[in-house]
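The primary structure of each chain is shown beneath.
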Amino acid sequence: MFFEIREHDLAGRIGKLRTKSGTVETPTLLPVVNPNIQPIPPKEMEDKFGVEVLITNAYILKKHFNEEVAEKGIHAFLNFDGVVMTDSGAYQILRYGDVEVAPDVIVKYQELIGTDIATILDVPTGWEIGRARAEYTVNETLRRAESLFEIKSRDDILWVGPIQGGLHLNLLAEAAKRMSELPFQIYALGSPTVVMERYLFSQLVDMIVTAKSNLPSSKPLHLFGAGHPFMFALAVSLGCDLFDSAAYALYAREDRYMTDRGTVKLQNLRWLPCSCPICIDKDPKDLLELTAYERQRALAEHNLYVSMLEVKRIKEAIYEGRLWEYLEFKSKSHPSLYAALKRLSNYRDFLEKASPTTKRRGLLFYSSLSLVRPEVTRHIKRLFERYTPPEDKKALILIPKLTSEPFIRSPLFESFMKELKAALNGEVRKIHLCLYGWPFGITPIELEETYPLSQFVAPEFMDLETIKFTSEVVAKYIADKNYRAAVLLSPSGELGGKICEVFVKTCLSNGVEYQIVPFDGELDGKILRKCINLLRKILKYQS
């Protein structure tokens, strides 16, 4: 087994990728190494930054260093003992229209130089092209992918099958299905470069999910040209295990200083908001006084530190089961990331299927964005597809869940049940208590302590979207579960108003007798009497 998954959260995984030159822990960043212009030597990346794997371009190597690389081998040429992946010239096709090498020649050259992870010469779909051209790029890439297994002669190299189609999602899906039928060890999403350069992260979400949904989950997915590290968490959460980026070096050439939330021109900084070895004892003026070469080198190092640190943070978030929380945090870095997180609402089932059912910790909810979490999706699906109230339950009491603490363990629950039992005697068995509120909509009382229905923390304040969500779940639950009567304990404010509206409408349309009782956290005698009088009437009528 060349790829082993150790941990997972959302569709993100921590795994081990085994190659002939060593094992790489994923998810991981592959810094792009350009042997023509390289500010940080690969050996220094390995020793100083902990880089386990990098990517370089076999087409550039063949064009400029052909015999030297062939004689030394790729690892000796780069002076790098880790894992080396090579691209094959597709980026140059995207930029310049063509390359001066045949697909079979670049396959044999990658074998000759001893790369660990090799890529066929695919034809990138690119950006803003018509359907006919997109179909050509998909079909030609697949033709070249199929021919690889007649050309290659080594079995110790992991081969990458790039998936084309771009924003033509139906073509992308077909390309992924057909590529998955070929015995590649790694798959890759092709043509996202322009999407990421323009921060079109919502479209990137569509592309990644489309590809992942049509690929085997047992194999890793590479994302070409990931760019700024603030989008790494988004890519990982959707199932990208490997991603390359030249941004650390490209930004440095333009005096662009990476931060967690974007980039800033060096001359616009008053302080260096970082504690990496480059920044810890310097200020922007110190870097600006360096020569152009020294400044580019220093900024490239800083940018690589920021990029590698982001990968560690993502891994820790996966391990702790906090990847969604981290995604929400990162989404505030840029409006395009925020829009991309909202786009995930289109892919709730994809995330729910990929995400674990239990975690090491409880969940943190922040806003209506959190309603997209797979745990919420899973609860709602099970509530309406698997759950049936106990057979003897005829009347429903809906109680607002005002805190994340288990209501079933509260003195309020104990006193409420005591009063009901005293007033209704054996008929109390026909009463079913359910809690309503965000983030889970409806929670039957007997399920309240099932993970994660009480293992969460959420703000008491509910915005309009969470109120709408809760109201819709309440309405659907009443309509679906065939109670004869329902009592709503309704809080004041916007939640109470909206819930009352849908509660009355749903009860009337489904022939359910109902009563609304004002409730703000205390069950006084007046409230209890109203509940009990209605329940007596209903239960007497039903008996």
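The following paragraphs examine the structure supplied in this document. (Residues numbered from 1 in each chain as written. Predicted model: local features only at pLDDT ≥ 70, side-chain atom pairs only at ≥ 80, totals over all residues. Heavy atoms only, no water.)

A short note on unusual backbone geometry
In step 1: At the junction of Thr26 and Pro27, the peptide bond is cis and its omega measures out at 0° in the coordinates.
In step 2: Inspection of the secondary structure assignment puts Pro27 in the loop between strand S3 (22–26) and strand S4 (28–33).
In step 3: In this model, Tyr451 is joined to Pro452 through a cis peptide bond whose omega is 0°.
In step 4: Along the chain, Pro452 turns up in the loop between strand S17 (441–444) and strand S18 (456–457).
In step 5: The phi dihedral of Glu128 is positive, around 55°, even though this residue is not glycine.
In step 6: By the element assignment, Glu128 lies in the loop between strand S7 (117–119) and helix H6 (131–151).
In step 7: For Glu128, a relative accessible area of 66% translates into the label exposed.
In step 8: One non-glycine residue, Asn482, lies in the positive phi region at around 65°.
In step 9: With respect to the helices, strands and loops of the structure, Asn482 is situated in the loop between helix H19 (464–481) and strand S19 (485–490). (Helix = DSSP H or I, 4+ residues; strand = E, 2+ residues; numbered from the N terminus. Buried < 20%, exposed > 50% of the residue type's maximum accessible area, 1.4 Å probe, protein only.)

Points about H19
In step 1: Taking 1.5 Å of rise per residue, 18 residues should cover 26 Å, and H19 covers 26 Å from first to last C-alpha, within 8% of that figure.
In step 2: Within the sequence span of H19, burial applies to Thr466, Ile467, Phe469, Thr470, Ser471, Val473, Val474, Ala475, Tyr477, Ile478 and Lys481.
In step 3: Buried positions along H19 lie against helix H17 (374–385), strand S15 (395–400), strand S16 (431–437), S17 and helix H20 (493–510). (Expected span 1.5 Å × (residues − 1). Contact = heavy atoms within 4.5 Å.)

Observations regarding the packing of aromatic side chains
In step 1: Tallying each qualifying case throughout the model produces 16 aromatic pairs.
In step 2: Consider the rings of Phe201 and Phe230, whose centres lie 6.0 Å apart with planes at 80°: the pair is edge-to-face. Remark: Phe230 occurs in the loop between strand S10 (221–223) and helix H10 (232–237) and Phe201 occurs in helix H9 (residues 201–212); sequence separation between them is 29 residues. Residue Phe201 shares its accessibility class with Phe230, and that shared class is buried.
In step 3: Here the aromatic residues Phe365, Trp438, Phe440 and Phe456 are joined through ring pairs into a cluster of three or more.
In step 4: The lysine or arginine in question, Arg256, covers the ring of Tyr251, its NZ or CZ lying 4.0 Å from the ring centre.
In step 5: Looking at Arg360, its charged tip hangs above the ring of Tyr319, at a distance of 4.0 Å from the centre. (Phe/Tyr/Trp six-rings, centres within 6.5 Å; stacked < 30°, edge-to-face > 60°. Lys NZ or Arg CZ within 6 Å of the ring centre and 35° of its normal.)

Here's the deal with helix H18 (residues 411–424)
In step 1: Over its 14 residues, H18 extends 20 Å from the first C-alpha to the last, a length consistent with the 20 Å expected when each residue adds 1.5 Å.
In step 2: Those residues of H18 that sit buried are Phe413, Phe416, Met417, Leu420, Ala423 and Leu424. Taken down its axis, H18 places every buried residue within 135° of arc, on the same side. Residues of H18 that are exposed and point more than 90 degrees away from the buried face comprise Pro411, Glu414, Lys418 and Ala422.
In step 3: Just beyond H18, the residue with positive phi is Asn425, at close to 55°. (Arc of directions from axis to C-beta.)

Some words on the environment of Tyr366
In step 1: Relative to the helices and strands, Tyr366 resides in the loop between strand S14 (363–364) and H17.
In step 2: With 73 residues separating them in the primary sequence, Tyr366 and Pro439 have C-alpha atoms 9.7 Å apart.
In step 3: When sequence neighbours within four positions are dropped, the list of residues in contact with Tyr366 reads Glu325, Glu328, Trp438 and Pro459.

Some thoughts on the packing of H6 against helix H7 (residues 169–180)
In step 1: Interaxial distance between H6 and H7 falls to 11 Å at its minimum, and their mutual angle equals 10°. One way to sum up the angle between H6 and H7 is to call them roughly parallel. Residues Arg131, Ala134, Glu135, Val138, Asn139, Thr141, Leu142 and Ala145 of H6 lie in contact with H7, whose contacting residues are Asn170, Leu171, Ala175, Arg178 and Met179.
In step 2: Grouping the constituent residues of the contact of H6 with H7 by class yields 7 nonpolar, 3 polar and 3 charged. (Axes fitted to C-alpha atoms, helices over the stretch in contact; angles between N-to-C directions. Parallel < 35°, antiparallel > 145°, perpendicular 65-115°, else oblique. Nonpolar A, V, L, I, M, F, W, Y, C, P; charged D, E, K, R; others polar.)

Describing the environment of Arg198
In step 1: Looking at the secondary structure, you find Arg198 in the loop between helix H8 (193–197) and H9.
In step 2: Assessed through its relative accessible area of 47%, Arg198 is described here as partly exposed.
In step 3: C-alpha separation for the pair Arg198 and Ser336, spaced 138 residues apart in sequence, amounts to 9.5 Å.
In step 4: In contact with Arg198, not counting residues within four places along its chain, are Trp127 and Glu128.

Describing the sheet that holds S19
In step 1: With respect to topology, 5 strands assemble into an open sheet ordered S17-S16-S15-S19-S20, the strand pairing being mixed. Sheet topology places S17 and strand S20 (513–518) at the edges, where each strand pairs with a single neighbour. The sheet shows a mean angle of 25° between the axes of neighbouring strands, taken without regard to direction.
In step 2: Strand direction decides the pairing type here: S15 and S19, joined by 4 bridges, are parallel. Residue pairing in the sheet places Ala395 in a bridge with Ala485 of S19.
In step 3: Sheet strands touched by H19: S15, S16 and S17. Its angle to S17, the strand with the most contacts, is close to 50°. (Pairing = 2+ DSSP bridges.)

As for the nonpolar core
In step 1: Residues Phe184, Phe201, Leu204, Leu223, Met231, Leu238 and Leu344 are the most contacted members of the largest nonpolar core, which totals 98 residues.
In step 2: When near neighbours in sequence (up to four residues on either side) are disregarded, Phe201 contacts Met196, Phe230, Met231, Leu234, Ser336, Leu337 and Ala340.
In step 3: Residues Phe440, Ala486, Leu495 and Phe503 belong to the second largest nonpolar core, which totals 33 residues. (Core = buried A, V, L, I, M, F, W, Y, C linked by side-chain atoms within 4.5 Å.)

Describing the pattern of salt bridges
In step 1: As enumerated under the stated definition, the model contains 42 salt bridges in all.
In step 2: A salt bridge links Arg361 to Glu320, with the nearest nitrogen and oxygen atoms 3.8 Å apart. One end of the pair, Arg361, is in the loop between helix H16 (348–354) and S14; the other, Glu320, is in helix H13 (residues 292–320), with 41 residues separating them in the sequence.
In step 3: The shortest N-O distance in the salt bridge between Lys468 and Glu472 comes to 2.6 Å. With a gap of 4 residues between them, Lys468 and Glu472 both fall in helix H19, about one helical turn apart.
In step 4: Given a relative accessible area of 47%, Lys468 falls into the partly exposed group.
In step 5: The structure contains a network of salt bridges with shared partners spanning Asp9, Arg322, Glu325, Lys359, Arg373 and Glu375. (Salt bridge = Lys/Arg side-chain N within 4 Å of Asp/Glu carboxyl O.)

Function cannot be inferred from these measures alone, as they are strictly geometric.
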